[in-house]
Amino acid sequence: MAKIVLASGSPRRQELLRRIGITDFALRVPQVEEYYPDDLSPEEIVTYISREKSLAVDSESDEIVITADTMVFLDDARLGKPRDEDHALEMLTALQGRHHTVCTGVTVRQGGRILSRAQSTHVYFRPATEAELRAYIAGGEPMDKAGAYGVQGQGALLVERIDGDFFNVMGLPVVLLERMLAEFGVYLLK
């Protein structure tokens, strides 16, 4: 198998790679300003950024570089990582009792060959009280996550239902990645 490079500082993406059987990979964190053209759809935005991240990573021609970018959208408005606890409360209050979309763009690159795709998942939050949201925020979990929640932690207590890829909500749609890697000759189930 070609050498795999995960171009991400996300511990969740590292964990997900290991879970699907990719245990030997290098880490390189791209330094990219997350700029994108104004006229893009949510899926086009995350695909654009994941591609830009890929192009910012130096690699050998035989290495397979994986990059991803995940964003949360509520009514087409992007919800990034909260600036502070008040901002986290504002985001979580907007999400409670409603559904939103989590989009992840994934890019796989080897040499000059680049493949970029996106996955969307709909997440439905249950109604929550302000006291519940403040208790969740006080634990610190929301502060480094898009949309101010982590579905793999206590944030799961806010989620009523997920339509689509659960792992996409964690930041890496593993079935999509498996299919993309197969196009590069990397078969995870063989």
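Each remark here, short or long, concerns the structure printed above.
Residues numbered from 1 in each chain as written. Predicted model: local features only at pLDDT ≥ 70, side-chain atom pairs only at ≥ 80, totals over all residues. Heavy atoms only, no water.

A. Quick look at the overall build of the protein. The helix and strand tally for the protein stands at six helices and seven strands. Counting helices and strands in the order they occur from the N terminus, the protein gives β-α-β-α-β-β-α-β-β-α-β-α-α. C-alpha extents for the protein along the principal axes are approximately 50 × 35 × 25 Å. The 190 residues of the protein split such that 47% are buried. (Helix = DSSP H or I, 4+ residues; strand = E, 2+ residues; numbered from the N terminus. Buried < 20%, exposed > 50% of the residue type's maximum accessible area, 1.4 Å probe, protein only.)

B. Broad picture of the environment of A7. For A7, the location among the structural elements is in the loop between β1 (4-6) and α1 (11-19). In sequence terms A7 and G164 are 157 residues apart; their C-alpha atoms lie 25 Å from each other. Excluding anything up to four places from it in sequence, A7 contacts R28, P30, V57, V65, I66 and T67. (Contact = heavy atoms within 4.5 Å.)

C. Region of the structure containing helix α6 (residues 174-182). Residues of α6 that are buried include every one of V174, L176, L177, M180 and L181, and no others. Here the buried residues of α6 occupy an arc of 155° about the axis, which is enough to place them on one side. In this structure, the buried residues of α6 make contact with α1, β3 (64-74), β5 (99-110), β6 (113-125) and α5 (166-170). (Arc of directions from axis to C-beta.)

D. Spatial organisation of the packing of aromatic side chains. Applying the stated criterion across every chain yields a total of two aromatic pairs. Geometrically, the ring pair formed by F125 and Y149 is edge-to-face, given 4.8 Å between the ring centres and 70° between the ring planes. With F125 in strand β6 and Y149 in the loop between α4 (130-138) and β7 (159-163), this pair connects stretches of sequence that are 24 residues apart. The pair F125 / Y149 is uniform in exposure class, with both members buried. (Phe/Tyr/Trp six-rings, centres within 6.5 Å; stacked < 30°, edge-to-face > 60°.)

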